[in-house]
Each structure stands twice: as C-alpha cells, then as structure tokens.
Amino acid sequence: ALKNWCLLPEVTVQAYVPLMQQFHQLVELHESALLLDEVQKSMRHNSVPELKNTISAWRERLPNKWDDITVWFELLTWRNHVFKMLTDCSQISQEIKNALLLLGQHEEAW
C-alpha cells in the first residue's frame, strides 16, 4: 500500500481514498494489539489497564462523514470485536471487566 501511495500524483484525487482507508485499518490493527497487550500486562500485575489514550484516539479518529457506510461499519465492528475479546477473557478480574464493559458501551454511542 505504501508503494502505491508513493506512486500517486501530489494532487489529491479520489484514488487516495482506498489507500487512506487501508492505512486507517493498519493503525486500528496496531492499536488493537497494543490494547490487548496492555490488558495482558495488567492481568499479570492484577491492576486496571491504562486504555484511556487509545480509546480517546479512537473517539477522535472516525471515518469522514462522506465515507461509505461500509467503512463505518467495518471500523465500528472491528472496535466492538476488540472490546468483546477483552471482556470475554476469563482471566480478567471482575473489576477490570466492568471497566472495559463501561468503556465499550460508552464507545458504542459514538
């Protein structure tokens, strides 16, 4: 995708949109992995994970209003899936599960 991006002309054109969406998906995947890693670390130390920065970034970084509904659907479905993976983990204490559920429900409103 990066090679294709570099081949595009400097003038903004519609051809940029699919590549920007791909990069957005890569960023989401990376941040999801960081969230899962943070929760895993917190389970080892029996503490509440620090997820606020990533969650805030997700709240601020939504697709454009004019993007196709499938872009919105894919993004929000992915984020919902990540929250479900986090809360379904049987090794997480109930306190952490409640905090994650609250975060997930708040984010679903966005």
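Here, the structure is the one placed above.
Residues numbered from 1 in each chain as written. Predicted model: local features only at pLDDT ≥ 70, side-chain atom pairs only at ≥ 80, totals over all residues. Heavy atoms only, no water.

1. Some remarks on the overall build of the chain
So, point 1. On a plain count of helices and strands, the chain comes out with 5 helices and 0 strands.
So, point 2. Along the chain, helices (α) and strands (β) appear in the sequence α-α-α-α-α when read from the amino end.
So, point 3. Residues counted as buried form 28% of the 110 residues belonging to the chain.
So, point 4. Taking the intrachain contacts of the chain between residues at least 6 apart in sequence as the baseline, contacts between residues at least 24 apart amount to 49%. (Helix = DSSP H or I, 4+ residues; strand = E, 2+ residues; numbered from the N terminus. Buried < 20%, exposed > 50% of the residue type's maximum accessible area, 1.4 Å probe, protein only. Contact = heavy atoms within 4.5 Å.)

2. Comments concerning the packing of aromatic side chains
So, point 1. Applying the stated rule across the entire model yields 1 aromatic pair.
So, point 2. Residues Trp 58 and Phe 83 carry aromatic rings whose centres are separated by 6.1 Å and whose planes lie at 85° to one another, so their mutual orientation is edge-to-face. Placement of Trp 58 in helix α3 (residues 52-60) and of Phe 83 in helix α4 (residues 69-88) is noted, with a sequence separation of 25 residues between them. Of the two residues examined, Trp 58 and Phe 83, each falls in the buried class. (Phe/Tyr/Trp six-rings, centres within 6.5 Å; stacked < 30°, edge-to-face > 60°.)

3. Here we look at the nonpolar core
So, point 1. The biggest cluster of nonpolar side chains holds 8 residues, and these are Leu 35, Val 39, Leu 51, Ile 55, Trp 58, Val 82, Phe 83 and Leu 86.
So, point 2. Elements with a minimum of two residues in this core: α2 (16-45), α3 and α4. (Core = buried A, V, L, I, M, F, W, Y, C linked by side-chain atoms within 4.5 Å.)

4. Comments concerning the packing of α3 against α4
So, point 1. Taken N-terminus to C-terminus, the directions of α3 and α4 make an angle of 160°; their axes are 12 Å apart at the nearest point. When the axes of α3 and α4 are compared, the pair comes out roughly antiparallel. Between α3 and α4 lies a crossing of left-handed hand. Each of Ile 55, Trp 58 and Arg 59 in α3 lies in contact with α4, whose residues at this interface are Arg 79, Val 82 and Phe 83. (Axes fitted to C-alpha atoms, helices over the stretch in contact; angles between N-to-C directions. Parallel < 35°, antiparallel > 145°, perpendicular 65-115°, else oblique. Left-handed = near helix turned anticlockwise from the far one by under 90°.)

5. Examining α2
One turn of an α-helix holds 3.6 residues; hence residues three or four places apart share an orientation.
So, point 1. Compared with the 44 Å implied by 1.5 Å per residue over 30 residues, the 44 Å span of α2 between its first and last C-alpha is a close match.
So, point 2. The set of residues buried in α2 consists of Tyr 16, Leu 19, His 24, Glu 28, Glu 31, Ser 32, Leu 35, Val 39 and Ser 42. (Expected span 1.5 Å × (residues − 1).)

6. Digging into α3
So, point 1. Listed in full, the buried residues belonging to α3 are Thr 54, Ile 55 and Trp 58. Down the axis of α3, the buried set is contained in an arc of 100°. They therefore lie on one face. Exposed positions of α3 whose direction lies more than 90 degrees from the buried face are Lys 52, Asn 53 and Glu 60. (Arc of directions from axis to C-beta.)

7. Re the pattern of salt bridges
So, point 1. Evaluated as defined, the whole model comprises 4 salt bridges.
So, point 2. Between Arg 61 and Glu 31 there is a salt bridge, with its nearest N and O atoms 2.5 Å apart. A residue pair is termed long-range when its members are at least 10 positions apart, and Arg 61 in the loop between α3 and α4 and Glu 31 in helix α2 qualify at 30 residues.
So, point 3. Looking at Glu 31, the relative accessible area reads 13%, which means it is buried.
So, point 4. Here Lys 41 makes a salt bridge to Asp 37, at a shortest N to O gap of 3.4 Å. Of this pair, Lys 41 and Asp 37 both sit in helix α2, separated by 4 residues, roughly a single helical turn.
So, point 5. For Lys 41, a relative accessible area of 40% puts it in the partly exposed group. (Salt bridge = Lys/Arg side-chain N within 4 Å of Asp/Glu carboxyl O.)

Coordinates in, geometry out; function isn't part of it.
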